[in-house]
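Given next are the chains, with one letter for each unit.
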Amino acid sequence: MTDRYAVLGDPISASLSPAIHMAWIRDARLDATYTAMRVEAGRLVDLLSAFRDEGGRGANVTLPLKEEAWALSTNLSDTARAIGAVNTLRLDSNKVIHGDNTDAVGFASDFQDQAGEPDRDSKLVMIGAGGAARAVVYALGKSGYRLAICNRTLSRAKALERIYSATTPEQTARVTSHPIEDLPALLEWADIVINATSLGHSGQSLPWPSGRDRFVYDLSYGTAASAFLAPAQTAGWRTADGLGMLVGQAAASFDIWFGIKPDVRRGFEAAEAILKDRNQ
Ligand code: ATR
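In what follows, the accompanying structure is described. (Residues numbered from 1 in each chain as written. Predicted model: local features only at pLDDT ≥ 70, side-chain atom pairs only at ≥ 80, totals over all residues. Heavy atoms only, no water.)

**Side note on the nonpolar core**
With 32 residues, the main nonpolar core has Phe107, Phe111, Met126, Leu140 and Ile194 as its most contacted residues. Of all the secondary-structure elements, those providing two or more residues to this core are helix H5 (103-115), strand S7 (123-127), helix H6 (131-143), strand S8 (146-151), helix H7 (154-167), strand S10 (192-195) and strand S11 (215-218). With seven residues, the top contributor of residues to this core is H6. Excluding its chain neighbours within four sequence positions, the residues that come into contact with methionine 126 are Ala133, Val136, Val137, Leu147, Ala148, Ile149, Cys150, Leu160, Ile194 and Ala196. Membership of the second largest hydrophobic core comes to 20 residues, among which are Ile12, Ile25, Tyr34 and Leu246. (Core = buried A, V, L, I, M, F, W, Y, C linked by side-chain atoms within 4.5 Å. Buried < 20%, exposed > 50% of the residue type's maximum accessible area, 1.4 Å probe, protein only. Helix = DSSP H or I, 4+ residues; strand = E, 2+ residues; numbered from the N terminus. Contact = heavy atoms within 4.5 Å.)

**Things to note about unusual backbone geometry**
Between aspartate 10 and proline 11 the backbone carries a cis peptide bond, its omega angle lying at 5°. The residue proline 11 is located in the loop between strand S1 (3-9) and helix H1 (17-27) in this model. Unusually for a residue other than glycine, lysine 95 sits at a positive phi of about 70°. Secondary-structure assignment places lysine 95 in the loop between strand S5 (88-91) and strand S6 (97-100). Given the relative accessible area of 58%, lysine 95 is considered exposed. Of note, the phi angle at arginine 212 is positive, near 45°, even though the residue is not glycine. Within the secondary structure, arginine 212 sits in the loop between S10 and S11. Look at arginine 212 and you get exposed, because its relative accessible area is 52%.

**Side note on the pattern of salt bridges**
For the coordinates displayed, the defined rule picks out 11 salt bridges. When the shortest N-O distance is used, the salt bridge between glutamate 67 and arginine 134 registers 3.5 Å. Here arginine 134 lies in helix H6 and glutamate 67 lies in helix H3 (residues 66-72), a separation of 67 residues in the sequence. For glutamate 67, a relative accessible area of 39% translates into the label partly exposed. (Salt bridge = Lys/Arg side-chain N within 4 Å of Asp/Glu carboxyl O.)

**Topic: the site of the ligand**
Around the ligand, the structure places 14 residues, and the nearest of them are Ala129, Asn151, Arg152, Thr153 and Arg156. A distance of 3.0 Å is found between an oxygen atom of the ligand and a backbone nitrogen or oxygen belonging to alanine 132. Relative to its free-state accessible area of 650 Å², the ligand is covered by the protein chains to the extent of 73%. Here the shell around the ligand is built from residues that sort into five nonpolar, seven polar and two charged. (Near = heavy atom within 4 Å. Polar contact = N/O pair within 3.5 Å; in protein donor to acceptor, adjacent residues only side chain to side chain. Areas by Shrake-Rupley, 256 points an atom, 1.4 Å probe, with all protein chains shown as cover. Nonpolar A, V, L, I, M, F, W, Y, C, P; charged D, E, K, R; others polar.)

Here it is as structure tokens:
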């Protein structure tokens, strides 16, 4: 039976993951398929059991299922345990469900490429403290950067501050949480801004001060990232969207399932081709 892989979530039809993984599967001449499957919140456990019976060997999990995937994994990686969310499942023949989180490594590798290796004294501001921010905070904590987390709901920023501190206890003094009212001052203070909010999805951005060639990294991609990043560019900020992070997490998942480190450039091109088609 052909091995099956899938990305599970809701909504899922716009996912770029099938294009990325199928490009790598074809390159490696594997007898496997990778598709997108819509799975509503609360339905993951039933779906996985049917999926395994039909040749399912692994899955990526996205909104709104990452916590559910974490809860039903019978063997969690240290990273997934620390982040509290799973984006990669591996189903083995003993019915063990291995849960991992490759978002952190996907972010870390792309962020370093794009930001040009910030030094430990660089002042990072992350705006947003939802699900997408958790893996980022975990990755940043490991690197020991100075980090100010700013969020509309302060309690969520404080919860992320605890993940950062737990990742590297000696770094506790290097992370702070802030209410949204602090944002203008933080944007002046920052060397680098990371957007983990969903503002771009509703066409919104921030009141950018002069960028002076500073750097802003948006975790989203496509039209949401364009909406968020365009005003920053106009104000003189250097920008990058999260497509590289998406491909980075996909590459790490592919390695978990197949033991093959795929060609990241090729995955990036497959994703970009889909986005380009959609814009036409
Ligand atoms: P995701 O899993 O994609 O991160 P999420 O958990 O819903 O999605 O998080 C969305 C983030 O965008 C949150 O940090 C949210 O702020 P709250 O925690 O206060 O909800 C932020 N966000 C969404 N709309 C916003 C807005 N209009 N202004 C400021 N922050 C906003």
